[in-house]
Structure formats: C-alpha cells, structure tokens
Amino acid sequence: MKKTIGILISSILLAGCASLRSNSDEGGPIDPRVRAEQEGELKKAELAFEKQNYNEAEDLFGEFQAKFPNSIFYQRAQFGRAKSLEALEHWSEAADLYRKTLEVTRARQPQIAAQALYHISFCYENLGDEARVLASLKDALSMKEHLTPEQAQAEIPARMAASLNRMGQTKDAEQYFRQASQGIQQ
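In this report, we go over the structure that sits alongside the text.

Procedures and definitions
Residue numbers run consecutively from 1 along every chain, following the written order of its sequence. A pLDDT threshold of at least 70 governs which residues receive local features in this predicted model, and a stricter bar of 80 or more applies before side-chain atom pairs are shown or counted, although totals over entire chains, interfaces and linings include all residues. By convention in this description, side-chain values take in all heavy atoms of the structure and omit both hydrogens and water. Residues grouped as a nonpolar core are buried Ala, Val, Leu, Ile, Met, Phe, Trp, Tyr and Cys residues, joined through side-chain atoms within 4.5 Å. Each residue is assigned to one of three classes by its accessible area relative to the maximum for its type, calculated with a 1.4 Å probe on protein chains only: buried under 20%, partly exposed between the two thresholds, exposed over 50%. Going along the chain from the N terminus, every DSSP run of H or I of four or more residues is numbered as a helix, and every run of E of two or more is numbered as a strand. Contacts were defined at the residue level, with two residues in contact if any of their heavy atoms lie within 4.5 Å. For this analysis, a salt bridge means a side-chain nitrogen from Lys or Arg found within 4 Å of a carboxyl oxygen belonging to Asp or Glu. Geometry is summarised by axes, namely lines fitted to C-alpha atoms with helices restricted to the contacting stretch, and by angles between N-to-C directions that run from 0 to 180 degrees. Roughly parallel covers angles under 35 degrees, roughly antiparallel covers those over 145, roughly perpendicular covers 65 to 115, and oblique covers all other angles. Each crossing gets its handedness from the near helix: less than a right angle anticlockwise from the far helix is left-handed, clockwise is right-handed.

## Thoughts on the nonpolar core
Counting residues in hydrophobic clusters, the biggest one holds 32 residues, and the most contacted among them are Y98, C123, L147, I156 and M160. Contributions of two or more residues to this core are made by helix 4 (74–87), helix 5 (91–105), helix 6 (110–127), helix 7 (130–141), helix 8 (149–166) and helix 9 (170–185). Counting residues per element, this core draws most heavily on helix 6, which supplies 9 residues. Counting 11 residues, the second largest nonpolar core, distinct from the first, contains A48, L60, F64 and A77.

## With respect to the side chain of S163
Mapped onto the elements of the fold, S163 is located in helix 8. Overall, S163 belongs to the buried group, its relative accessible area being 0%. Every residue in contact with S163, bar those within four places of it in the chain, is listed here: E130, V133 and L134.

## Re the pattern of salt bridges
For the structure shown, the criterion picks out 12 salt bridges. Of the charged contacts in the structure, one is a salt bridge between R166 and E125, with a shortest N-O distance of 3.5 Å. One end of the pair, R166, is in helix 8; the other, E125, is in helix 6, and 41 residues separate them in sequence. The class of R166 is partly exposed, set by a relative accessible area of 42%. A salt bridge links E130 to R166; its shortest N-O distance comes to 2.6 Å.

## Topic: the packing of helix 2 (residues 32–50) against helix 4
Taken N-terminus to C-terminus, the directions of helix 2 and helix 4 make an angle of 20°; their axes are 11 Å apart at the nearest point. As the angle between them shows, helix 2 and helix 4 are arranged roughly parallel. Remark: the crossing between helix 2 and helix 4 carries left-handed chirality. Here L42, K43, E46 and F49 of helix 2 come into contact with helix 4, specifically with R76, A77, K83, S84 and A87.

So this is what it looks like as structure tokens:
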C-alpha cells in the first residue's frame, strides 16, 4: 500500500513538474500585467534602436536581461542587444551574442534563430571570415520559412554569391547570382 501511494505521489509530482517546465520553456501563459511590463520595457529598447540610438538600445536591452532573467522575452532582448552591437560595429561581441542566442533559440524560437544566423553573417564578413559567412548563410537558408521572402529569395543568395566570388569560386557564385536575380523578380 505504501509503495502504491509513493508511486502515485511521485507520478503526480513528475507530471506537475513537467507541465511547469513546458509552460516556462515554451512561453506559456504569464500574468498579463507582467507581460505588459516586459513588452513595454522591450519597446523602449526597440524604439531606441529604430531611432539609431544604438548605445542606448544596447544598454536598455542589457537592463531588460538583468531585470527579467527568466523572461520569455529574454532571447528577444539578447538578439536586440546583438543587433545594437552589430550596428556599433562591435563585430566580435555581436557575433558572440548571436552564437549564444542561436544555441538557445534554434528549437523553440526558430524565427529568432534564423534572423541571428542571417545577422551573424554580417559580423563574420566584417571580421574577414568568409568560411563562416558562407556557413551561416547556408544555415539561415535552411531555415528560410522563418525569414522574410526578400531575405530567403534574394538577399541570402546574393550574399552567398558575393562570398563565393571573394573565395574565388566563381562557378558556384554565378549559380547563386542567378538565384538572387530570380528572387528579386519574384
């Protein structure tokens, strides 16, 4: 009898823990006031970025992360912070944050992961690392359903063509230039 009760209690606890974990990991329901507060904080940072106040935006995204370390919007803030660093031409720091963002978002937030792959390619390009430029663009293209049509059909093929051309692979570059041209027409 004690064993049966123990198993029953263990099963209930495990089921409860599993449901709590999936809600927090997947961005399940949160208190609407908390959501509104966090979205408001993010909007301030995103507005600063839109106004090209990149230092302020980077600070605001970092403050958000410090204030809400368990937020469902944490990775969105980290991505915003990386974009701010990229805009400030802090290529290595931005690439590092994009990599960290990718590790966490690839499975659960693929839209952020796809954009991080796309943006990290600019950092690698400015760092002169053509192999990583090409690899990140190929990875981004493999997630094309999470990119804008312009990015997937024209921008990424054009950037891949340019990267391959810089690497001396003109035959492959021509193929991607044609693909980019078709994407522009679409």
